[in-house]
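Listed below are the residues making up each chain.
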Amino acid sequence: SFMVARRQAAKGSSEISGHFQGNRSFGYVVMFLTLTASALSGYTVVGVPNESAGSAFMSTRWLVGALFGGLQFSIFAPRLRRLCVARHYMSPMDLISDRFNSVALKVVTAICLCIPQLIYIAVQLFTLNSTLEVVSGGEMNGKTVMWFLAVLIIICEWLGGLRGVIFTDCLQGAMMISGSLAISMILMQNYGGLSDLVGGNCPNYDPETNTGCLANTKWYLTLHPTSVGQSDLVEKAGLTSDDPQYAAANAIDNNPGFRHSALNMMSFFILFMSFGLNPHLVQRFGAVNKDSNLKKSIIMTFFCPFVITMPAMFMGIVKSAIYPKVKIDGVCDDVAGPGCNVYGVMLTDLMNKGGFSSFVAVISACSSIAAIMSTADSCVMGATNILSLDVVQGVLLPNLSDRNTLYISKGISAVYVLGAAWWSTTDMWTTQRGFYGKMLNIQNGFIWQCVPAFLSAMYLPDAWTSAYSILSGMLSGVFL
């Protein structure tokens, strides 16, 4: 059978195993840093500050959602790792192939896992493009640099395989953690903490410019609106239709996204529970050298949202309070609208202050580029692993040699990255309000269709499940 051949190949050749699994040699510190760098990406760097600046309370979904993703790590990762070692798996899809032996199920699962990776890579490259243009003040052509770095990702994946990706992840993960901590401290030093930005008696409020305090500039964002009627703060303020802030307050209260925020946030959390089945993360579960080291790395990863996501949320609050009307080259407006890059705006402001603030801003900019590059190259590795081993060698050309399979995987990675780079330059990325959240929902929605297959393969006996029933459910979920 296919899996018998795969296990024999794994025992006899280290070429494919080294390229896609790093010979299962990584400890918990390395695994913690690579999981951090791969899981926290352009969504965190730009998407969270944007949402925090424009919708305040709703941005907390990114923080809690990441914890739901970590919970899913705990459910899937330990058993997946043990199966990878015992059954000599080399692809995130090998569990499905081994358990069900269904070509149709394998192909549909591969599609549901690989489409999200194209979205994921495009988001990273678009974020890279927009951040570079804002931080450089328009002097750097973001698209040109993005294309250059896309080619660099391809070359690094060709030359280094998973081992090269993971060791660069370690540097990038360390930069993300240190950069996030540094930027949060420098923001507090320059603009004050939450009490200086949100409370009703903000000490840094400037009545002449109407800046420095959300309670005076966008005070309707400081409380969570009720499900019916207006928020408590709006009612207490007794605004009338003649008041200039009445329209803004009513727009928030009447927005379905806010009025049904509890339901929307819970939906976001549930979708996030499929996040751990992204192929590049499943690869890492199988690449660690011990079960205990995998568990240690997962426990350590649970703390990363507090270290990285919370500073990103704080940055959005600072921008919304201090610069409610800022607009730089049409990139960012008052409500963090389409194409807005709050992260780039705040880094630009810190760089203009000079001194240590400028130094920290540069370090943070480097850490954001590191995060984006790390996630992009990891996604490429995960997707090409599935497409080359499971689709090309596993279905289309079962007699293809390992060396030729590696050559084909490198061609697939080039097509994948260049296609995502082209897609990231289209207009849809700058005309969709809140597109980071929308893209993540689509991405996790596709992966959720694979959750029953993986759960059944790991935990249910043969009498309780079948390839036909799982395939039927997956197709229904995709089309409905």
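If you're wondering where the values come from, they're calculated on a predicted model, not measured in any experiment. (Residues numbered from 1 in each chain as written. Predicted model: local features only at pLDDT ≥ 70, side-chain atom pairs only at ≥ 80, totals over all residues. Heavy atoms only, no water.)

S.K.: Could you give an account of a nonpolar patch on the surface, naming the residues involved and the relevant values?
M.R.: The grouping of Trp147, Val151, Ile155, Trp158, Leu159, Leu418 and Trp422 at the surface amounts to a nonpolar patch, some 710 Å² of accessible area in total. Every element with two or more residues in the nonpolar patch is listed here: α8 (142-191) and α20 (402-424). Summarising the element assignment, Ile155 is placed in helix α8. You can call Ile155 partly exposed: its relative accessible area is 38%. (Patch = residues over 30% accessible without salt bridge, like charges linked within 9 Å, V, L, I, M, F, W, Y side chains within 5 Å. Areas by Shrake-Rupley, 256 points an atom, 1.4 Å probe, with all protein chains shown as cover. Salt bridge = Lys/Arg side-chain N within 4 Å of Asp/Glu carboxyl O. Helix = DSSP H or I, 4+ residues; strand = E, 2+ residues; numbered from the N terminus. Buried < 20%, exposed > 50% of the residue type's maximum accessible area, 1.4 Å probe, protein only.)

S.K.: Explain the pattern of salt bridges residue by residue, including any values.
M.R.: Across all of its chains, the model carries 6 salt bridges by this definition. Notably, a salt bridge pairs Asp291 with Arg81, separated by 2.8 Å at the nearest N-O pair. A residue pair is termed long-range when its members are at least 10 positions apart, and Asp291 in helix α16 (residues 291-301) and Arg81 in helix α5 (residues 60-86) qualify at 210 residues. Judged by relative accessible area, Asp291 falls into the partly exposed class, the value being 23%. Residue class for Arg81 comes out buried when judged on its relative accessible area of 8%. Between Arg87 and Asp98 there is a salt bridge, and its shortest N-O distance comes to 2.6 Å.

S.K.: Give a detailed account of the environment of Leu132, specifying residues and quantitative values.
M.R.: Structurally, Leu132 can be placed in helix α7 (residues 103-135). Along the chain, Leu132 and Ala365 lie 233 residues apart, while their C-alpha atoms are 8.6 Å from each other. Apart from the residues within four sequence positions on either side, Leu132 is in contact with Met140, Val145 and Ile369. (Contact = heavy atoms within 4.5 Å.)

The values are spatial; any link to function lies outside them.
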